[in-house]
Amino acid sequence: MPSLKELKGRINSVKSTQKITKAKQMVAAAKLRRAQAAAEAGRPYATRLAAVMASLAGKVAGDSAPKLLAGTGSDQRHLLVVVNTDKGLCGGLNSNLVKAAKIKAKELIAAGKTVEFYLVGKKGRAPLKREFPTLIGAGFDTSTVKTPGFAEAEAIANELIAMFDAGQFDVAHLVYPTFKSALAQDPTINQLIPVPAPSTAVEADSVVEYEPSEEEILEELLPRYVRTQLFGALLEREASEQGASMTAMDNATRNAGDLISKLTIVYNRQRQAAITTELIEIIAGAEAL
Amino acid sequence: MALHFELVTPAKLVRSEDVHMVVVPGTEGEFGVLEGHAPFMSTIRDGAVQVFATANAAPEIIQVRGGFAEVNEKGLTVLAEHVEG
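Numbering of residues starts from 1 in every chain and runs along the sequence as written. Written order decides the labels, with chains lettered from A and ligands numbered from 1. For this predicted model, a pLDDT threshold of at least 70 governs which residues receive local features, and a threshold of 80 or more governs which side-chain atom pairs are given and counted, while totals over whole chains, interfaces and linings are taken from all residues.

(A) Representation of the overall build of chain A in the model. Numbering of helices and strands starts at the N terminus; helices are DSSP runs of H or I of at least 4 residues and strands are runs of E of at least 2. The helix and strand tally for chain A stands at seven helices and six strands. Starting at the N terminus and walking to the C terminus, you meet the elements of chain A as α-α-α-β-α-β-α-β-α-β-β-β-α. The quantity called the radius of gyration is restricted to C-alpha atoms. Its globule counterpart is 2.2 Å times the number of residues to the power 0.38. For chain A, the C-alpha radius of gyration of 28 Å lies well beyond 19 Å, the compact-globule estimate for 289 residues. Looking at chain A as a whole, 32% of its 289 residues are labelled buried. What counts as a contact is two residues whose backbone-derived C-beta atoms lie within 7 Å of each other. Sequence-distant contacts, at least 24 apart, represent 81% of the contacts inside chain A between residues at least 6 apart. Think of it as a crowd count around each C-beta: if 20 or more other C-beta atoms lie within 10 Å the residue is buried, if 12 or fewer it is exposed, and in between it is partly exposed, with C-beta placed from the backbone throughout.

What follows is the structure, encoded as structure tokens:
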């Protein structure tokens, strides 16, 4: 049984933990609103770009298609681009991402493919390295900037495209969290390179003039598309991180509250026991006289 | 009727408004878009997009970098990676 003093110390330490989690929760709530707005503001560009891509890719097919669209012709070497957060305190977000990446990697390895990882963000490195010590390739550190923006997405995309052009991999998948709500962030796996051909065949109704030619436009468009995908992933990551953090910290604050009330009851009971013992001693002493 | 003009960057929708004419710096030369322009698609070079709100107004100049322009029956959409100002 801990002494009264120990109990008091315990209660105080849980109280200060609660203060920290509460503060972090409020910060995350405020940041979430901003991150969500940013994610929404980025959508018009992505949808428009996808629409243009679809109409162009339908026209430029076959042998003349650029390498980024057609692929290298094999699908032996896979690259998994895993987008994790840089900071913890966000519940199961990162472990869910890592889990999804691991499952995908094992699936590919079982199918006889070679797998390599490209890690964005700090938090995925350690668990993935433990599981696949030899497969961790390059990575990109986003912790140096406060909020990763388009410049970072551009840098990542350029590096990936350079690796692709150098023939270091055949297929790249992007693993990132999709922000659904503050409670749910689902890990999503998308094929990034080669750019997946649009499934909906676009009707070639209007005669559109192209300047320069369709092929040249498409060639310019594809890297842009990859960049936009990565930018979208970074925005989703930001919103997911804040959402998950808010929920996790809310839970932590509530748990701390429960713990405090339990400890307080134990503390009061012990104090009362001590008082009762003292009283009995005094009464027993008085009676003995 | 006027031309519907949209300027979009990855970060946000910069403009969405009805204007008289827009001059876009295409890779193979500048081109002006009025309403009822034929469907057209072009990459753009770094330069200034000039927006004419009315026929006689002085152009409003927006610097853009990297992107492309699309004209369809709905209007003109400029997708740019960076917009200054």
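(B) Layout of the environment of Cys90(A). Residue and element names in this part refer to chain A. Mapped onto the elements, Cys 90 comes out in the loop between strand E1 (77–83) and helix H4 (93–110). Remark: the alpha-carbon pair of Cys 90 and Met 249, spanning 159 residues in sequence, is separated by 7.7 Å. The residues contacting Cys 90, other than those within four sequence positions of it, are Thr 85, Glu 241, Ala 244, Ser 245 and Ala 248.

(C) Region of interest: the pairing of strand E2 (residues 13–19) of chain B. Residue and element names in this part refer to chain B. Pairing between strands requires that DSSP locate at least two bridges from one strand to the other. Where strand E1 (residues 3–8) meets E2, six bridges bridge the pair, whose relative direction is antiparallel. Residue pairing across strands places Val 8 opposite Leu 13, the latter belonging to E2. Here E1 folds back onto E2, and the loop between the two strands holds four residues.

(D) Molecular detail of the packing of helix H1 (residues 4–41) of chain A against helix H7 (residues 214–288) of chain A. Residues and elements named next belong to chain A. Axis definition: a line fit to C-alpha positions, over the contact stretch in the case of helices; interaxial angles, taken between N-to-C directions, run 0 to 180 degrees. It is the contact of H1 with H7, at a shortest axis distance of 7 Å, that shows an interaxial angle of 160 degrees. Judged by the inter-axis angle, H1 sits roughly antiparallel to H7. In the packing of H1 onto H7, the handedness of the crossing is left-handed. Taken together, the residues of the contact of H1 with H7 break down into 21 nonpolar, twelve polar and ten charged. The labels follow the angle: roughly parallel below 35 degrees, roughly antiparallel above 145, roughly perpendicular from 65 to 115, and oblique for the rest. A clockwise turn of the near helix away from the far one marks a right-handed crossing, whereas an anticlockwise turn of less than a right angle marks a left-handed crossing. Just so you know the grouping, Ala, Val, Leu, Ile, Met, Phe, Trp, Tyr, Cys and Pro go in nonpolar, Asp, Glu, Lys and Arg go in charged, and all remaining residues, Gly too, go in polar.

(E) Here's a closer look at helix H2 (residues 43–59) of chain A. A helix is expected to span 1.5 Å multiplied by its residue count minus one. The terminal C-alpha atoms of H2(A) lie 25 Å apart, and with 17 residues this matches the ideal 24 Å at 1.5 Å per residue to within 8%. For H2(A), the set of buried residues is Tyr45(A), Leu49(A), Val52(A), Met53(A), Leu56(A) and Ala57(A). One side of H2(A) carries all its buried residues, which in axial view fall inside an arc of 130 degrees. Check the buried side of H2(A) and you find it contacts helix H3 (67–70) and H7 of chain A together with E1, strand E7 (60–72) and strand E8 (75–84) of chain B. The arc in question is traced by the directions running from the helix axis to the C-beta atoms.

(F) Summary view of the sheet that holds strand E5 (residues 185–193) of chain A. All names here are of chain A. Strand order in this open sheet of five strands is E3-E2-E1-E4-E5, and the pairing throughout is mixed. Two strands in the sheet have a free side with no partner beyond their single neighbour: strand E3 (136–140) and E5. Averaged over all pairs of adjacent strands, the angle between strand axes in this sheet comes to 25 degrees, irrespective of strand direction. By the bridge criterion, five bridges tie E1 to strand E4 (residues 171–179) in an arrangement that is parallel.

(G) Just the pairing of strand E5 (residues 40–44) of chain B, in detail. When you tally the buried positions in E5(B), you get four out of five residues, the bulk of the element. Pairing between strand E6 (residues 209–211) of chain A and E5(B): three bridges, direction parallel. Counted as the bridge partner of Glu211(A) is Ser42(B) from E5(B). Where E5(B) meets E7(B), five bridges bridge the pair, whose relative direction is antiparallel. Each residue of the ladder has a partner; that of Ser42(B), found in E7(B), is Ala69(B).

(H) Quick peek at the packing of H2(A) against H7(A). All names here are of chain A. Two elements in contact, H2 and H7, have axes separated by 10 Å at closest approach and are oriented at 145 degrees. Judged by the twist between their axes, the crossing of H2 over H7 is left-handed. Packed against H2, whose contacting residues are Tyr 45, Ala 46, Leu 49, Val 52, Met 53, Leu 56, Ala 57 and Lys 59, the element H7 presents Glu 214, Ile 217, Leu 218, Leu 221, Arg 224, Tyr 225, Thr 228 and Gly 232 at the interface. Of the residues that constitute the contact of H2 with H7, the class distribution is eleven nonpolar, two polar and three charged.

(I) Seen up close, the nonpolar core. Nonpolar core, as used here: buried Ala, Val, Leu, Ile, Met, Phe, Trp, Tyr and Cys residues forming one set through C-beta atoms within 7 Å. With 80 residues, the main nonpolar core has Leu80(A), Val81(A), Val82(A), Val175(A), Val226(A), Val22(B) and Val78(B) as its most contacted residues. Apart from the residues lying within four places of it in its own chain, the contact partners of Val22(B) are Leu3(B), Phe5(B), Val33(B), Val49(B), Gln50(B), Val51(B) and Leu76(B).

(J) Spotlight on the interface of chain B and chain A. Tallying the contact residues gives 20 residues for chain B and 19 residues for chain A. If you list the elements that add at least two residues to the side of chain B that touches chain A, you get E5, E7 and E8 of chain B. With four residues, E5(B) is the largest single contributor of residues to the side of chain B that touches chain A. The class makeup of the residues in the side of chain B that touches chain A is ten nonpolar, six polar and four charged.

(K) Structural view of unusual backbone geometry. All names here are of chain A. Across the junction of Ile 193 and Pro 194, the peptide omega takes the value -10 degrees, indicating a cis bond. Considering the arrangement of structural elements, one finds Pro 194 in the loop between E5 and E6. Backbone geometry places Leu 89, a non-glycine residue, at a positive phi of 55 degrees. Position of Leu 89 relative to the elements: it lies in the loop between E1 and H4. In this structure Leu 89 comes out as partly exposed when scored by C-beta crowding, with 17 C-beta atoms within 10 Å.

So, to be careful, I would describe these as geometric facts and stop short of saying anything about function.
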